[in-house]
Amino acid sequence: MTQIGAVQSWWLGVTLQLVLAAVLLPGFTAAQTTAEPQKDPGRPEKGTYVVTNSNGTTCLMASMGLQLNVTFSSVSQNKTMQDIINLQPNVTKRSGSCGQDSASLQLSTDAEKTNLTFLFTLNTTSNKYHLSEVTLSAVLPDMKEPFLAHNSTLDYLRGTMGFSYMCREEQTLKVVQNLSINTFQLQVQPFGLSGDQFGTAEECQLDEDDMLIPIIVGAALAGLVLIVLLAYLIGRKRSHAGYQTI
Ligand SMILES: *[C@@H]1O[C@H](CO)[C@@H](O)[C@H](O)[C@H]1NC(C)=O
Ligand SMILES: *[C@@H]1O[C@H](CO)[C@@H](O)[C@H](O)[C@H]1NC(C)=O
Ligand SMILES: *[C@@H]1O[C@H](CO)[C@@H](O)[C@H](O)[C@H]1NC(C)=O
Ligand SMILES: *[C@@H]1O[C@H](CO)[C@@H](O)[C@H](O)[C@H]1NC(C)=O
């Protein structure tokens, strides 16, 4: 009987290890695959861009790393190519304006060879804002003609007046067929700022999904540990009782 008890607890020990390994290993591999492989220009540096209105108060604030993904026809290679451009905050000039229901941020780099404009729109009925328009004009080497992209029917970065929109994860904003913008560690607030501080952040779905995974794994792990522990205790009690009857 004692032998059975020992075998039982040994078996439980092995099972516990196997169960833990089975739960933990996929978690580790998942963490590995979500790690971004190093792309050519790497991650863009994060910049903070502020727009002030005529009386000097901050009316739009954005903190983000920006990467442009431009598809164009190469002159020298005579084929369609992709250019991945990281915006460097220290050489990026910023300007913009704020109105009652719209606010814009313009970023210019490289001696104004690249002009990127974001326009946010506020719905004054629902008090919700969103990124509604993006314009990019750029003169890049190896392009047949200046690159121009514009879309005024976008619906990205949706937030509530007085709150900031946040997305820590990389997010891709498709503007037109040949332009998409990758954002990194984004936090933006185009309306209802109080001073130079972001309002409470409304987190994007990508971030929420990201936080959900460790919570689910953690809960599953805790449940399993509890079950195995209970099984072990019951098993021990049984074998103990069996031992006493002899
Ligand atoms: C750039 O865009 C192309 C086409 O939409 C896509 O296949 C590629 O993965 C993108 N690259 C990056 C770094 O976002
Ligand atoms: C503003 O929001 C209201 C309520 O959600 C909606 O009915 C209206 O169509 C929106 N207006 C615009 C211009 O999108
Ligand atoms: C960017 O804007 C500036 C000022 O408005 C202008 O002089 C310049 O030509 C623009 N560059 C491009 C590539 O459109
Ligand atoms: C502008 O963006 C909207 C929403 O993403 C898209 O449906 C539309 O096709 C875009 N327009 C152009 C010209 O690509």
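Residues numbered from 1 in each chain as written. Chains lettered and ligands numbered in written order. Predicted model: local features only at pLDDT ≥ 70, side-chain atom pairs only at ≥ 80, totals over all residues. Heavy atoms only, no water.

Side note on the overall build of the protein
The test is simple: We count a stretch as a helix when DSSP gives it H or I for four or more residues in a row; a strand needs E for two or more, and each element gets its number in order from the N terminus. Throughout, exposure labels follow a simple rule: accessible area from a 1.4 Å probe, protein chains only, divided by the maximum for the residue type, with under 20% read as buried, over 50% as exposed, and the rest as partly exposed. Here a residue-residue contact requires only that any non-hydrogen atoms of the pair lie within 4.5 Å. Per-residue accessibility takes into account occlusion by the displayed protein chains alone, with areas from the Shrake-Rupley method and a 1.4 Å probe.
For the protein, the count of helices and strands is two helices and 13 strands. Relative to its 246 residues, the protein shows a buried fraction of 33%. Expressed as a percentage of contacts within the protein between residues at least 6 apart in sequence, the contacts between residues at least 24 apart total 53%. Working note: accessible area of the protein is about 15000 Å², and carbon and sulfur atoms make up 57% of it.

Regarding the confidence of the model for the protein
Here is the rule we go by: Summary of the metric used: pLDDT quantifies the predictor's per-residue confidence within the range 0 to 100.
Looking at the protein as a whole, its pLDDT mean stands at 83, while 81% of the residues score no less than 70. Contacts for the low-pLDDT stretch residues 1-39, under 50 throughout, to residues beyond four places or in other chains number 19 contacts.

Observations concerning the pattern of salt bridges
Charged atoms that come close allow side chains of opposite charge to pair. The test is simple: Each reported salt bridge corresponds to a side-chain nitrogen of Lys or Arg within 4 Å of a carboxyl oxygen of Asp or Glu.
Counted under the stated rule, the structure contains three salt bridges. Its salt-bridge partner being D155, residue R158 comes within 3.0 Å of it at the nearest N-O pair. Look at D155 and you get partly exposed, because its relative accessible area is 41%. Via salt bridges that share partners, R168, E203 and D207 belong to a single interconnected network.

A look at the packing of aromatic side chains
Going by this rule: Here a pair means two rings of Phe, Tyr or Trp (six-membered ring of Trp) with centres within 6.5 Å. Their orientation is stacked below 30 degrees between planes, edge-to-face above 60, and tilted elsewhere.
Considering all chains together, one arrives at one aromatic pair under this definition. Between the aromatic rings of Y129 and F191, the centroid separation amounts to 6.2 Å while the plane-to-plane angle is 50°, which identifies the pairing as tilted. Taken as a pair, Y129 in strand β7 (residues 128-138) and F191 in the loop between β12 (179-189) and β13 (201-203) lie far apart in primary sequence, 62 residues in all. With relative accessibility at 5%, the residue F191 sits in the buried group.

A closer look at the site of ligand 3
Rules: Put simply, a residue is near a molecule or strand once any heavy atom of it comes within 4 Å of that molecule or strand. As used in this structure description, the phrase polar contact means that two N or O atoms lie within 3.5 Å; if the pair is within protein, one of them must be able to donate a hydrogen and the other to accept it, and residues adjacent in sequence are counted only when both atoms belong to side chains.
Every residue lining ligand 3 is accounted for by E112, K113, N115, S137, A138 and V139. With respect to ligand 3, the side chain of N115 contributes an N or O atom lying 2.3 Å from an oxygen atom. The separation between an oxygen atom of ligand 3 and a polar side-chain atom of S137 is 2.8 Å.

Section: the nonpolar core
Condition: Take the buried Ala, Val, Leu, Ile, Met, Phe, Trp, Tyr and Cys residues and link them wherever side-chain atoms come within 4.5 Å; each set so joined is a nonpolar core.
Residues V70, L105, L116, F118 and I181 are the most contacted members of the largest nonpolar core, which totals 40 residues. For L105, the contacting residues outside a window of four places in its chain are Y49, V51, L60, A62, M64, R94, S95, G96, L116, T117 and F118.

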